[in-house]
Amino acid sequence: MLKTILCVIFVLICLFLTVVVLMQEGKSQGLGAIGGMADTYWGRNKGRSMEGNLEKATTAAAILFMLLSLVLNIL
């Protein structure tokens, strides 16, 4: 019973992780990164923006994914 519940949670985390990664923007800064123009208002306040929240959600989901995969492998 516990393994079934953990498998369902694992699948939900996999789907969530896929969606969050696909929602993120690319990291290419173009020619602005060469001249130092990458430090904009959005770059400095990244932690409070939607992109910052997506990165935090990706990190949390990836950690949960790894931990749950280890637990399921032990079971």
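All of these numbers come straight from a predicted model, not from anything done at the bench.

Re the overall build of the protein
No. 1: Counting its secondary structure elements, the protein contains three helices and zero strands.
No. 2: Secondary structure elements of the protein occur, N-terminal to C-terminal, as α-α-α.
No. 3: The buried share of the protein, reckoned over its 75 residues, is 17%.
No. 4: Partitioning the contacts of the protein with sequence separation of at least 6, the portion at a separation of at least 24 is 84%.

What about the packing of aromatic side chains?
No. 1: With the rule as written, the count across this model stands at one aromatic pair.
No. 2: Summarising the aromatic geometry, the rings of F10 and F65 are spaced 5.1 Å apart at their centres and angled 20 degrees between planes, so their arrangement reads as stacked. Of the two residues, F10 sits in helix 1 (residues 2-23) while F65 sits in helix 3 (residues 50-74), which places them 55 residues apart along the sequence.

A word on the packing of helix 1 against helix 3
No. 1: With their axes 9 Å apart at the nearest point, helix 1 and helix 3 run at an angle of 150 degrees to one another. Of the possible angle classes, the one that applies to helix 1 and helix 3 is roughly antiparallel. Crossing of helix 1 over helix 3 shows left-handed handedness. In contact with K3, L6, C7, I9, F10, I13, C14, F16, L17, V20, V21 and M23 of helix 1, helix 3 contributes M50, L54, A57, T58, A61, A62, L64, F65, L68, S69, V71 and L72.

Structural notes on helix 1
Residues spaced three or four apart along an α-helix face the same direction, because each turn holds 3.6 residues.
No. 1: Here helix 1 is 22 residues long and its end C-alpha atoms lie 32 Å apart, about the 32 Å a rise of 1.5 Å per residue gives.
No. 2: Inspection of helix 1 places L6, I13, L17 and V20 among the buried residues, and these make up the whole buried set. End-on, the buried residues of helix 1 take up no more than an arc of 70 degrees, which puts them together on one face. Projecting away from the buried face of helix 1 at angles above 90 degrees are the exposed residues T4, L12, L15 and L22.
No. 3: Turning to helix 1, the residues buried within the fold contact helix 3.

Conventions adopted
- Residues numbered from 1 in each chain as written.
- Predicted model: local features only at pLDDT ≥ 70, side-chain atom pairs only at ≥ 80, totals over all residues.
- Heavy atoms only, no water.
- Helix = DSSP H or I, 4+ residues; strand = E, 2+ residues; numbered from the N terminus.
- Buried < 20%, exposed > 50% of the residue type's maximum accessible area, 1.4 Å probe, protein only.
- Contact = heavy atoms within 4.5 Å.
- Phe/Tyr/Trp six-rings, centres within 6.5 Å; stacked < 30°, edge-to-face > 60°.
- Axes fitted to C-alpha atoms, helices over the stretch in contact; angles between N-to-C directions.
- Parallel < 35°, antiparallel > 145°, perpendicular 65-115°, else oblique.
- Left-handed = near helix turned anticlockwise from the far one by under 90°.
- Expected span 1.5 Å × (residues − 1).
- Arc of directions from axis to C-beta.

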